[in-house]
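# Descriptive structure summary
In case you want the letters, here they are:
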Amino acid sequence: EVVSELTELKFGDPVSSDTRESFDAETTQVIFPGQTIELKTMTISQISGTGKVAIAPAVYGWLPQPQMSGQALHLNYDATTPAPAGTVTSIKFKSIYSYVSFFQGAANKINTMTAHNSNGDLIGQRNLRPTERDVEHVEYRSANISEIRIHTGEDWVILDNFLCTG
């Protein structure tokens, strides 16, 4: 006799094709312009600017949990006043998706996210709102998303809990 276990799937639950990245399994790493961080799910590159990009603890108790916890991706990491010139950070996914979401926090200014297809062509862009002591749930839908770029201006921004679906 074959017995199978039925698992309840609720509306909104991720399916097996979902890719998640919380950075919690990663060690602290800091990169400068021209350097990259390789993960199983994505390649993070700082393509311009003078600030640092890091995977580091999201230790700020004023950022909402669980959206920002454990390790997180920091853009213009450890910015001081005045902040360094803004960074453009590329996040190239290891697969192509039609939906990408993440949480962004600690932003004091309006920043920009651009989405690119596998040819590197711009397929869309949106503003990321100032969040200060809050977070914004950023969602983007389009066919053939293979890369996003975050343009931070002169602002320290923290990203966490990516969810990507095909």
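Report on the accompanying structure. (Residues numbered from 1 in each chain as written. Predicted model: local features only at pLDDT ≥ 70, side-chain atom pairs only at ≥ 80, totals over all residues. Heavy atoms only, no water.)

## With respect to the pattern of salt bridges
Under the defined criterion, the tally for this structure stands at 4 salt bridges. Ionic pairing is found between K94 and E38, a salt bridge with its closest N-O pair at 3.0 Å. Note that K94 is positioned in strand β7 (residues 88-105) and E38 in strand β3 (residues 36-38), a separation of 56 residues in sequence. Look at E38 and you get exposed, because its relative accessible area is 52%. One salt bridge connects E136 with R126, and the closest N-O pair in it is separated by 2.8 Å. Pair noted here: E136 is in strand β10 (residues 135-151) and R126 is in strand β9 (residues 122-128), with a separation of 10 residues, a long-range link. A relative accessible area of 24% places R126 in the partly exposed class. (Salt bridge = Lys/Arg side-chain N within 4 Å of Asp/Glu carboxyl O. Helix = DSSP H or I, 4+ residues; strand = E, 2+ residues; numbered from the N terminus. Buried < 20%, exposed > 50% of the residue type's maximum accessible area, 1.4 Å probe, protein only.)

## Quick word on the pairing of strand β11 (residues 157-165)
Here is the key point about a regular strand: its side chains alternate between the two faces of the sheet. Of all 9 residues in β11, 8 are buried, a share of seventy percent or more. Where strand β1 (residues 19-21) lies against β11, 3 bridges are found, and the strand directions are antiparallel. Looking across to β11, one finds that T19 is bridged to C164. Of the strand pairs in this sheet, strand β6 (residues 71-77) and β11 are connected by 3 bridges, and their pairing is antiparallel. For L75, the partnering residue across the bridge sits in β11 and is V157. Where β7 meets β11, 6 bridges bridge the pair, whose relative direction is antiparallel. Each bridged residue has a counterpart across the sheet, and for V100 the counterpart in β11 is C164. (Pairing = 2+ DSSP bridges.)

## Remarks on the nonpolar core
In terms of nonpolar packing, the biggest core is built from 28 residues, with I44, L73, F93, F102, I148, L159 and F162 touching the most fellow members. Elements supplying a minimum of two residues to this core: β4 (42-48), β5 (52-57), β6, β7, β8 (111-116), β10 and β11. Excluding its chain neighbours within four sequence positions, the residues that come into contact with F93 are T41, M42, V100, I145, S146, E147, I148, F162 and C164. (Core = buried A, V, L, I, M, F, W, Y, C linked by side-chain atoms within 4.5 Å. Contact = heavy atoms within 4.5 Å.)

## Examining the environment of F93
By the secondary structure assignment, F93 is in strand β7. Taking the C-alpha atoms as reference, F93 lies 9.8 Å from S118; in sequence the two are 25 residues apart.

Geometric descriptors of this kind do not, in isolation, establish any biological role.
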